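Close look at the chain arrangement
Chain by chain, the residues run as shown.
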Amino acid sequence: MTGAIPGLPLETELPERVGVLVVGAGLAGCAALLAAAEAGQYAVLIEKTDAIGGSTVKSAGLSAFAGTDEQTEQGIEDSVDLLRADLLEVGRHRNDPRLVDLYCEHQLETYRWLKRHGVAYGEIHAASGQSVPRSHPTDTTAMLVHLLRAAGRSGARLLLGTAAQRLVRDGERGRVLGVDVVGPDGEHRRVLADAVVLATGGFSQDPELLATFAPQMANALTAGGAGNRGDGLKMGLAVGAGLRDTPYIKGTYGHYAEPHPDEDGTGILAVYKGAIAVNALGRRFVDESSNYKEIGDAALAQPGVRTWQVFDARTMAMSNDEVPIYEFAGRERAGMLVRADSVAELETALGLPEGSLQRTVADYNDAIEDGRPDPLGRRHLSGAVGELFPLAQPPFYAHPTGTVVLATYCGLTVDTRMRVSDWWHEPIDRLYAVGEVVGGFHGAGYMTGTSIGKAAVFGRLAGQHAAAEESELAW
Ligand SMILES: Cc1cc2nc3c(=O)[nH]c(=O)nc-3n(C[C@H](O)[C@H](O)[C@H](O)COP(=O)(O)OP(=O)(O)OC[C@H]3O[C@@H](n4cnc5c(N)ncnc54)[C@H](O)[C@@H]3O)c2cc1C
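Residues numbered from 1 in each chain as written. Predicted model: local features only at pLDDT ≥ 70, side-chain atom pairs only at ≥ 80, totals over all residues. Heavy atoms only, no water.

To continue, consider the overall build of the chain. Looking only at helices and strands, the chain has 13 helices and 18 strands in total. Over its C-alpha trace the chain gives a radius of gyration of 23 Å, about what one expects of a compact globule, namely 23 Å for 475 residues. Counting only C-alpha atoms, the chain reaches 80 × 45 × 45 Å along its principal axes. Counting over 475 residues, the chain shows a buried share of 59%. Put simply, of all contacts in the chain between residues at least 6 apart along the chain, 73% involve residues at least 24 apart. Counting only carbon and sulfur atoms, one obtains 49% of the accessible surface of the chain, whose full area is about 19,000 Å². (Helix = DSSP H or I, 4+ residues; strand = E, 2+ residues; numbered from the N terminus. Rg over C-alpha atoms; globule rule 2.2 N^0.38 Å. Buried < 20%, exposed > 50% of the residue type's maximum accessible area, 1.4 Å probe, protein only. Contact = heavy atoms within 4.5 Å. Areas by Shrake-Rupley, 256 points an atom, 1.4 Å probe, with all protein chains shown as cover.)

Printed below as a string of structure tokens:
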């Protein structure tokens with residue numbers, strides 16, 4: 001697929017020695033490659049799979065930036081101070097404040113750098129953890145293609161089907177010298193580099209690492225790039241890197257509960273447009289206006305794990321084809337919704353205990369109509385926005401819904417130059433890490449748009465710093 005994209009700096013011969021060797025062709029790796037190439041280094045990017053993109057191209061493509069042209073055009077007042085406060089609040093102050101400051105300091109210049117290279121952003125949305133709308137949507141494949149083409153023009157090269165396996169170190173504690181790799185032909189090779197940048201993404205596709213670091217996700221669904229199996233994490237740990245934020249791996253609520261070709265990974269959040277969430281006993285179990293990560297945790301604790309978002313025609317009328325999480329009509333067309341003319345029929349169709357869903361809906365509706373407080377604390381549709389309304393307009397719908405691990409958020413410790421550091425906070429010489437393989441930035445919670453955001457902001461910084469390492473290349 002990638003081969004069909006014109007203008008990529010594809011290479012088939014693996015060099016023996018490079019300036020900066022970047023591992024993993026998601027956003028973090030592509031940004032690092034371009035920045036290193038722009039700084040004048042011979043930069044090479046190796047990608048394990050046959051295509052660029054990793055989780056980046058499967059994502060909703062939202063980046064969290066503050067103070068952008070698009071925000072100004074939409075009359076949104078944002079600031080770096082507000083962004084910093086939100087990041088720390090969402091992360092419950094467990095974030096590494098140096099990384100939060102670093103992101104805040106460099107996010108706007110990174111946004112401008114991306115735009116200069118052709119990246120375009122659409123209408124800004126509000127999203128989880130943002131006190132003002134700052135989710136900037138973009139076509140992520142187009143973004144990576146822009147970065148790679150620009151990197152190619154500066155002399156950088158990309159090799160597909162080439163997997164990094166182990167870091168090579170000078171003695172037990174010396175500098176990182178390069179990487180042992182396996183090429184598309186299965187041949188093992190060693191590539192020496194002045195600096196190595198790990199940009200291998202997270203481990204949402206690795207059952208073993210998930211079981212090790214996130215046993216609470218045992219019943220969760222998973223999504224993300226096929227190559228995201230924690231290779232960079234393991235390589236970093238093997239040379240003594242520190243690790244942060246593993247307790248804070250969270251799943252996202254909304255994903256279709258069975259494998260389905262039309263589930264693109266984003267799921268739907270009908271709960272934010274008036275749906276209730278019910279479990280296998282036909283009972284509500286959460287304040288549906290809460291953060292989708294918290295709803296995800298609550299759903300995983302339910303009997304049978306699978307839950308349903310139940311809604312009526314009024315919510316269906318709010319379906320929006322432009323916003324994947326609100327594309328309810330599209331899900332109906334794809335056969336992903338159960339539909340019935342009455343709550344009683346819906347209850348039977350879902351196989352819920354007799355009378356259970358009818359009681360739940362009646363209680364929910366009565367409380368709203370009588371102005372009584374909701375026993376689960378729900379006061380709005382989403383966050384502090386939107387007035388509650390009863391589920392009363394047929395037809396009624398149910399979306400079988402699970403919790404999905406989209407990203408793993410935790411990872412290797414780094415300093416403010418993106419150098420990987422060990423357990424004693426000493427940098428491991430000439431080893432850098434960026435993107436989802438890095439921990440410390442999100443802390444205890446993730447603000448929408450900051451995984452893509454950190455891949456770009458820290459990827460670019462890592463490329464610049466890695467390019468500044470003393471070169472042993474003879475030009
Ligand atoms: C459905 C979905 C929706 C999402 N939506 C958003 C969103 O809107 N906003 C947001 O901020 N975040 C979102 N995320 C999370 C975000 O997409 C990722 O955290 C981010 O893209 C990670 O970028 P990355 O460059 O670090 O890793 P990736 O984009 O995953 O790239 C890593 C690359 O490294 C390669 N690789 C792995 N091991 C090796 C190896 N040994 N050798 C060579 N290559 C290797 C992989 O194959 C992969 O191509 C979403 C994720 C998913 C799955």
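Read on for the rest.
What follows deals with the environment of Gly61. As for its position among the elements, Gly61 is in the loop between strand S2 (43-46) and strand S3 (62-64). Given a relative accessible area of 1%, Gly61 falls into the buried group. As for Gly61 and Gln130, which are separated by 69 residues in sequence, their C-alpha atoms are 16 Å apart. Discounting chain neighbours no more than four positions away, the residues touching Gly61 are His136, Pro137, Thr138 and Thr140.

A few words now on the UniProt feature "domain: FAD-dependent oxidoreductase 2 FAD-binding" (unreviewed entry) in the chain. This chain's UniProt record puts "domain: FAD-dependent oxidoreductase 2 FAD-binding" (unreviewed entry) on residues 20-451. Summarising residues 20-451: 28% helix, 19% strand, and an end-to-end C-alpha distance of 23 Å. (UniProt positions renumbered as here; feature names shortened; annotations may be inferred.)

Turning our eyes to something else, we now look at the packing of helix H11 (residues 343-350) against helix H12 (residues 356-370). Between H11 and H12, whose axes approach to 8 Å, the crossing angle comes to 135 degrees. Comparing their axes, H12 and H11 come out oblique. Our pair here, H11 against H12, has a crossing hand that is right-handed. Contacts from Val343, Ala344, Leu346 and Glu347 in H11 reach Ser356, Leu357, Gln358 and Val361 in H12. Partitioning the contact of H11 with H12 into residue classes produces 5 nonpolar, 2 polar and 1 charged. (Axes fitted to C-alpha atoms, helices over the stretch in contact; angles between N-to-C directions. Parallel < 35°, antiparallel > 145°, perpendicular 65-115°, else oblique. Left-handed = near helix turned anticlockwise from the far one by under 90°. Nonpolar A, V, L, I, M, F, W, Y, C, P; charged D, E, K, R; others polar.)

So, on to the side chain of His136. Tracing the backbone through its elements, the reader meets His136 in strand S4 (residues 135-137). Engagement of the side chain of His136 in a polar contact is seen with the side chain of Thr68, the distance being 2.7 Å. From its side chain, His136 meets the backbone oxygen of Arg134 in a polar contact 2.9 Å long. Once you skip the residues sitting within four places of it in the chain, His136 turns out to touch Gly61, Leu62, Ser63, Phe65, Thr68, Glu70, Gln71, Tyr121 and Ile124. (Polar contact = N/O pair within 3.5 Å; in protein donor to acceptor, adjacent residues only side chain to side chain.)

Pairing between side chains of opposite charge can happen when the charged atoms of each approach one another. Per the counting criterion, the structure on display carries 26 salt bridges. Here Glu469 ties to Arg430 by a salt bridge, and the two come within 3.7 Å at their closest N and O atoms. Of this pair, Glu469 sits in the segment after helix H13 (450-467) while Arg430 sits in strand S18 (residues 427-433); the two residues are 39 residues apart in sequence, bridging distant segments of the chain. Arg430 matches Glu469 in its accessibility class, with the two residues each being buried. One network of salt bridges, with partners in common, ties together Asp69, Glu70, Arg112 and Lys115. (Salt bridge = Lys/Arg side-chain N within 4 Å of Asp/Glu carboxyl O.)

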